[in-house]
Amino acid sequence: MHGELQELGRAVKQAQYRQHRALDSALSAIGTTLAQWDALRAISRSPGSSARELAAATFQTGQAFGTLIGRLAAQGLVERRPGHGRRIEHHLTPLGEQVLAVGHKVADEVLADCFSALPDADRATLLDLLQRLTANRDT
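Everything quoted here is computed from the prediction, not taken from an experiment. (Residues numbered from 1 in each chain as written. Predicted model: local features only at pLDDT ≥ 70, side-chain atom pairs only at ≥ 80, totals over all residues. Heavy atoms only, no water.)

1. Remarks on the pairing of strand β2 (residues 88–92)
- Looking at chain direction, strand β1 (residues 78–82) and β2 are connected through 5 bridges and run antiparallel. In the sheet register, Arg81 faces β2, and the bridge partner there is Glu89.
- The antiparallel pairing of β1 with β2 creates a hairpin that spans 5 residues between the two strands, and Gly85 there sits at a positive phi of about 65 degrees. (Pairing = 2+ DSSP bridges. Helix = DSSP H or I, 4+ residues; strand = E, 2+ residues; numbered from the N terminus.)

2. Side note on the layout of surface pockets
- Here the largest pocket defines a volume of roughly 1700 Å³.
- What lines the largest pocket is a set of 37 residues, among which Gln16, Gln19, His20, Phe115 and Leu130 lie closest to the centre.
- Listing elements by their share of the lining of the largest pocket, those giving two or more residues are α1 (2–28), α2 (34–45), α5 (94–114) and α6 (120–134).
- Looking at the lining of the largest pocket element by element, the count peaks at 10 residues for α1.
- In the lining of the largest pocket, the residues fall into 21 nonpolar, 8 polar and 8 charged. (1 Å grid on protein atoms, 1.4 Å probe; cavity = no way out; pocket = protein on both sides within 12 Å on 5 of 7 lines; lining within 4 Å. Points joined across faces, edges and corners; volume = space filled by probe spheres on them. Nonpolar A, V, L, I, M, F, W, Y, C, P; charged D, E, K, R; others polar.)

3. Description of the side chain of His90
- Position of His90 among the secondary structure elements: in strand β2.
- Within the structure, His90 has its side chain in polar contact with the backbone oxygen of Ser49 (distance 2.9 Å).
- Ignoring any residue separated from it by four or fewer positions in sequence, one finds His90 in contact with Ile43, Pro47, Gly48, Ser49, Ser50, Ala51, Leu54, Ile69, Val78, Glu79 and Arg80. (Polar contact = N/O pair within 3.5 Å; in protein donor to acceptor, adjacent residues only side chain to side chain. Contact = heavy atoms within 4.5 Å.)

Now the structure itself:
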């Protein structure tokens, strides 16, 4: 049994690795990276979030996200504003919104290709299965 479970784990990891490589390569053509685009996406979903909240949303450490957000701010894609107390809030700039929008188009094309071997019903089933695996387990 452990062989089958290890094979399943490896297959999930391999699919994720291929998807990330394809996304990173395609996003580099528009001048961004997967990590940067994912951070822009997280900020867009939750404007005003703290770096700690955004790090968790993007599966990064606080230190790694801090470095990333510094680069995004230096590129004029993100604005950091004082919040309540010592909180620093993060917002997209108009340029950040543009990069995010172009990134969405790129990601849609890449992901359509990544999942093209699966019919719509299989993709829906896969999504349902993965959501069931991760429901209430994210920390």
